[in-house]
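Take a look at the letters that make up each chain.
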Amino acid sequence: MVVQTMSGPGRDHLLELMKRKDDLEEEIARLSAVLDTNGVGLFDSLVDEEDFPRNDIDVYQVRNARHQIICLRNDHEAIMYEIEKGLYELHSQMRGSTENTPADDVPSTSNGSTTTTAPVNLINGHESDEAAACAISAINIVNQLKTIVKVNFVSPGSPAEDAGIKVDDEIIEFGSVNASNFKALTQIAEVVQHSVNSRVNVKLLRDSETIDVSLTPHTWSGRGLLGCNIIPIDA
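Keep in mind that what you see is a predicted model, and the values were worked out from it rather than measured. (Residues numbered from 1 in each chain as written. Predicted model: local features only at pLDDT ≥ 70, side-chain atom pairs only at ≥ 80, totals over all residues. Heavy atoms only, no water.)

**Some thoughts on the confidence of the model for the protein chain**
Thought 1: When pLDDT is averaged along the protein chain, the result is 79; 71% of the residues meet or exceed 70.
Thought 2: Below a pLDDT of 50 lies the segment residues 1-7, which in the model reaches 33 contacts outside its immediate sequence neighbourhood of four places, other chains included.
Thought 3: Counting interchain partners and residues more than four positions distant, the pLDDT-below-50 stretch residues 103-128 has 40 contacts. (pLDDT = per-residue confidence, 0-100. Contact = heavy atoms within 4.5 Å.)

**What to know about the side chain of S195**
Thought 1: Mapped onto the elements, S195 comes out in the loop between α5 (185-193) and β7 (200-206).
Thought 2: Judged by its relative accessible area of 13%, S195 is buried.
Thought 3: Not counting residues within four places of it along the chain, the set of residues in contact with S195 comprises V200 and P217. (Helix = DSSP H or I, 4+ residues; strand = E, 2+ residues; numbered from the N terminus. Buried < 20%, exposed > 50% of the residue type's maximum accessible area, 1.4 Å probe, protein only.)

**Observations concerning the layout of surface pockets**
Thought 1: The volume enclosed by the largest pocket comes to roughly 1900 Å³.
Thought 2: As for the largest pocket, its lining consists of 50 residues, of which R73, E173, G175, N201 and K203 are closest to the centre.
Thought 3: Counting only elements with at least two residues in the lining of the largest pocket, the list comes to α1 (9-38), α2 (59-99), α3 (129-143), β6 (170-174), β7 and β8 (209-215). (1 Å grid on protein atoms, 1.4 Å probe; cavity = no way out; pocket = protein on both sides within 12 Å on 5 of 7 lines; lining within 4 Å. Points joined across faces, edges and corners; volume = space filled by probe spheres on them.)

Structure, rendered in structure tokens:
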């Protein structure tokens, strides 16, 4: 029998990291709701045209929520890095266990002349929903690193270049648009139009490494608000 083990400290540590990730995301969502209640984003101005604190929002509450969100996002990024490492290690352990199992121990089912192996996922010798939950979480994490579009042109002196974006960068996340909700390039255009002179968080994939940049769409000497061109990944 092929036993793909997910037992031991490696699995326990990975599950603990995933729990911490979920807790961070829940707290970030709660704090983001505070900003939504006040009608401001993470980077909107908190002063009026005369540089006095705005009287239409709870400035102290907003500042506190913003500070906590930034700190929690940093913690979230660190947790995601540790989870990615843990998944690679866990996968290596499971693959090594499978490869070291004698072929005679593998159960098989026959259909005419065709024989297929039937590996079994076990945790501590018992089938468990925890294995499925861990696998689903792993898939979700991988989805968060999927790229949605690719940069094929960046104008010199443009907002995109100022932000550090380069040709051949692949975009994982553009503001609120990511692999979980991306359907068309017009979604990114809408984010740009609604973020003129405001910073947009962009996550890039460059040479197999993820990079976070802050991009501010605005008018400049060239065309458009970004000065770059993006195309679908499969274009």
